[in-house]
Amino acid sequence: MPSALNLLFLSSEVAPFAKTGGLGDVSAALPRTLHRHGHDVRVFMPLYARIDRKKFAFRRVETLRELPIIIGRRVFEVSIYAATLPGSTLEIFFVHCPALYSRASIYSHDGDEHLRFLVLAYAALECAQRMRFAPDVVHCNDWQTAMVPLLLKTRFAWDQKIFGRTKTVLTIHNLNYQGMFPASIVGDTGLGDSQHLLHQDQLRDGRINFLLHGILYANAITTVSPTYAREIRGSEYGVGLDGALRSRGSAVKGILNGVDYEEWSPEADKLIPVRYGPEDLAGKARCKQALLARAKLPALPDVPVIGIVSRLAGQKGFDLFPPALPRLLAKERFQLVVTGSGERHFERMFRQLQAQFPNQVRFNNAFDNEMAHWIEAGSDFFLMPSRYEPCGLNQMYSLKYGTVPIVRKTGGLADTVELWNPRARTGTGIVFETYDAFGLYWAISEALKVYRDRPAYRQLQQNGMAQNFSWDHQVEHYEQLYRQL
Ligand code: ADP
């Protein structure tokens, strides 16, 4: 059996402590699975004020209290707390620094946003030193921790005993969030004499981009699906970083996210009204009734429910709705249940749809985990018409719940949902290619058509429920990568 690895894992979100999207789910499930596989995983995240301190048993780590973190001319005092990740024996380490993390939300637009996450990076590396924990790999996630590979080559390079054989992996969960700051913060990186290793052209243009530095200096860069890994090497999806990604050649890889089926399967789900499985879908019908009752929508026989659980951001395809949805809702018999929050104009649009179609549309304007589970269980279809999608988790959850996904063929959606083929009776969802209102209109109409053909719809459901995207399998790709570095 191969030897266990020492893994230092850094993330700005770990569910259920803090989560705004898929990053939180992945940063819980991947370390949990690695831990179960016998690796020594130390996960660090900020102790945000909004984390419910009473809900989880936090303990202060006495050997890691009141540590001065010195970055440039600034000093931050941090203490480390620990709590067990639910569903695991893995301990998560939390960086307590009220000056930085006592904010209303996980992310901010405050002038010190760069420092909030540089302190996470510095604190995690300093704690590794103090714990005498020599990582084989430091696994960073997104821009918040993307400066770590450069910090290891500079500020922490002297400590050969701890970091002498450390390699780095940067996982990009979404290339659009890059951590772009004015060049004036360069002193706050704490790089001192090593500032020449920063991207000089950008500095001259007055900017510093944290994610770019991770792409340049990490030993390996992964993103969360093979298709997205290909797409971001081109200008359409590259968000200005396609050149840097191409320059890293085979160091850039796509590893599909997995699903935590303890949380997200109709057999194990503790939040849904009735549990069910592929052999007995009566429970799903009851979940649908319960969802409609909760949403205060009339229960109408043979009328399908389309569910949406999403951040309301441009990425997710909602700008296709105004030209397609009102016509469809007026013409076809279906209901739409939406849970989401985000950009104001999308929230307004969903409120308007609800006002115009009160018996068909319900908009729950919230980040609501329980409702997310109810929608997965109680809907007949799940809609994700994304403009781009690094991986997407909800379509994979939907498959397991027998909730047929309607998706656009991009990124992880293209890798996980296969178009229904009525002749061969293969496929797991409805997939459209061209990002426009006509594509969306076609996809929803097609879904409704399949729904009316009961045997076809049942087969489509069963095909999806038979899919397996479990982390136990996906984690092997990471283990292989860690060992290759
Ligand atoms: P992204 O990371 O781009 O937001 P993913 O599909 O990868 O998209 O992951 C989204 C995760 O966040 C899923 O677990 C989903 O259930 C959850 N989520 C998104 N919006 C909401 C919401 N409004 N309420 C509850 N959970 C949500």
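Residues numbered from 1 in each chain as written. Predicted model: local features only at pLDDT ≥ 70, side-chain atom pairs only at ≥ 80, totals over all residues. Heavy atoms only, no water.

With that out of the way, let us pick up the nonpolar core. Of all hydrophobic cores here, the largest spans 103 residues; its most connected members are Phe-17 and Phe-94. For this core, the leading source of residues is helix 3 (residues 113-130), giving twelve residues. Beyond its immediate chain neighbours, meaning those up to four positions away, Phe-17 contacts Met-45, Ile-51, Phe-56, Phe-58, Ala-83, Thr-84, Leu-85, Pro-86, Ile-92 and Phe-94. By size, the runner-up hydrophobic cluster in this structure holds 40 residues, among which are Leu-312, Phe-321, Leu-353 and Phe-363. (Core = buried A, V, L, I, M, F, W, Y, C linked by side-chain atoms within 4.5 Å. Buried < 20%, exposed > 50% of the residue type's maximum accessible area, 1.4 Å probe, protein only. Helix = DSSP H or I, 4+ residues; strand = E, 2+ residues; numbered from the N terminus. Contact = heavy atoms within 4.5 Å.)

Every one of the 23 residues lining the ligand counts as a neighbour, but Gly-22, Asp-25, Arg-311, Lys-316 and Asp-368 are closest to it. Gly-22 places a main-chain nitrogen or oxygen 2.6 Å from an oxygen atom of the ligand. Asn-394 places a side-chain nitrogen or oxygen 3.4 Å from an oxygen atom of the ligand. For the shell around the ligand, the element with the highest residue contribution is strand 13 (residues 305-312), accounting for three residues. A per-class count over the shell around the ligand returns eight nonpolar, nine polar and six charged. Composition of the shell around the ligand by domain shows at least three residues from each of domain 1 (6-258 + 471-484) and domain 2 (282-465). (Near = heavy atom within 4 Å. Polar contact = N/O pair within 3.5 Å; in protein donor to acceptor, adjacent residues only side chain to side chain. Nonpolar A, V, L, I, M, F, W, Y, C, P; charged D, E, K, R; others polar. Domains from an automatic or database assignment.)

Taken together, six strands build an open sheet; the order of strands is 15-14-13-16-17-18 and the sheet is parallel. Where the open sheet ends on each side, the last strands, each with one partner, are strand 15 (361-364) and strand 18 (430-432). Shown here is a sheet whose adjacent strand axes are inclined to one another by a mean of 15°, direction ignored. Strand direction decides the pairing type here: strand 16 (residues 381-384) and strand 17 (residues 404-408), joined by four bridges, are parallel. In the strand pairing of strand 17, Phe-381 is matched with Val-404. (Pairing = 2+ DSSP bridges. Axes fitted to C-alpha atoms, helices over the stretch in contact; angles between N-to-C directions.)

Turning to the state of the cysteines, a few remarks are in order. Counted under the stated rule, the structure contains zero disulfides. Free of any disulfide, Cys-391 has its nearest cysteine sulfur in Cys-140, 20 Å distant. (Disulfide = S-S within 2.5 Å.)

Our focus in this paragraph is the environment of Lys-331. In this structure, Lys-331 sits in helix 11 (residues 321-331). Along the primary structure Lys-331 and Ser-398 are separated by 67 residues, whereas in three dimensions their C-alpha atoms are 26 Å apart.

The grouping of Leu-419, Phe-438 and Trp-442 at the surface amounts to a nonpolar patch, some 330 Å² of accessible area in total. Counting through the fold element by element, Leu-419 comes out in the loop between helix 15 (411-416) and strand 18. Of the residues examined, Leu-419 reaches a relative accessible area of 40% and is grouped as partly exposed. (Patch = residues over 30% accessible without salt bridge, like charges linked within 9 Å, V, L, I, M, F, W, Y side chains within 5 Å. Areas by Shrake-Rupley, 256 points an atom, 1.4 Å probe, with all protein chains shown as cover. Salt bridge = Lys/Arg side-chain N within 4 Å of Asp/Glu carboxyl O.)

Taking 1.5 Å per residue as the helical rise, helix 1 (residues 22-36) with its 15 residues ought to reach 21 Å, and the 21 Å between its terminal C-alpha atoms agrees with that figure. Taken together, the buried residues of helix 1 touch strand 1 (6-10), strand 2 (40-46), strand 7 (137-141), helix 14 (394-400) and helix 18 (471-484). Following helix 1 by one or two positions, Gly-38 has its phi on the positive side, about 100°. (Expected span 1.5 Å × (residues − 1).)

With that out of the way, let us pick up the packing of helix 11 against helix 12 (residues 344-356). The axes of two packed helices give the description: the angle between them and the distance between them. Axis separation between helix 11 and helix 12 bottoms out at 11 Å; the angle between their running directions is 15°. Our classification of the angle between helix 11 and helix 12 gives roughly parallel. Considering the relative orientation of helix 11 and helix 12, their crossing is right-handed. Contacts between helix 11 and helix 12 pair Phe-321, Pro-322, Leu-325, Pro-326 and Leu-329 from the former with Met-349, Phe-350, Leu-353 and Gln-356 from the latter. Residue classes in the contact of helix 11 with helix 12 are distributed as eight nonpolar, one polar and no charged. (Parallel < 35°, antiparallel > 145°, perpendicular 65-115°, else oblique. Left-handed = near helix turned anticlockwise from the far one by under 90°.)

What follows deals with helix 16 (residues 437-452). A rise of 1.5 Å per residue sets the reference length of helix 16, with its 16 residues, at 22 Å; its end C-alpha atoms lie 23 Å apart and thus fit the reference within 8%. Those residues of helix 16 lying buried are Ala-437, Gly-439, Leu-440, Tyr-441, Ala-443, Ile-444, Ser-445, Ala-447, Leu-448, Val-450 and Tyr-451.

Let's shift gears to the pairing of strand 6 (residues 91-96). Sheet topology places strand 2 next to strand 6; four bridges connect them, and they run parallel. Looking across to strand 6, one finds that Pro-46 is bridged to Val-95. Between strand 5 (residues 74-84) and strand 6, which follow one another and run antiparallel, lie six residues, and Gly-87 among them has a positive phi close to 80°.

It is worth spelling out the pattern of salt bridges at this point. Summed over all chains, the structure comprises 25 salt bridges. For the salt bridge of Arg-36 with Asp-472, the shortest nitrogen-to-oxygen distance reads 2.9 Å. Residue Arg-36 is found in helix 1, and its partner Asp-472 is found in helix 18; the two are separated by 436 residues along the sequence. Overall, Arg-36 belongs to the exposed group, its relative accessible area being 51%. You can call Asp-472 partly exposed: its relative accessible area is 34%.

What follows covers the domain arrangement of the protein. A common measure of how large an interface is: the accessible area buried when the components associate. The domain architecture assigned to the protein consists of domain 1 (6-258 + 471-484) and domain 2 (282-465). For domain 1 and domain 2, the distance between their C-alpha centres works out to 33 Å. With 18 residues of domain 1 in contact, the opposing surface of domain 2 contributes 19 residues. Ranking the residues of domain 1 by area buried against domain 2 places Thr-227, Tyr-237 and Leu-256 at the top, with a combined share of 26%. (Buried area = accessible area lost by both parts, 1.4 Å probe.)

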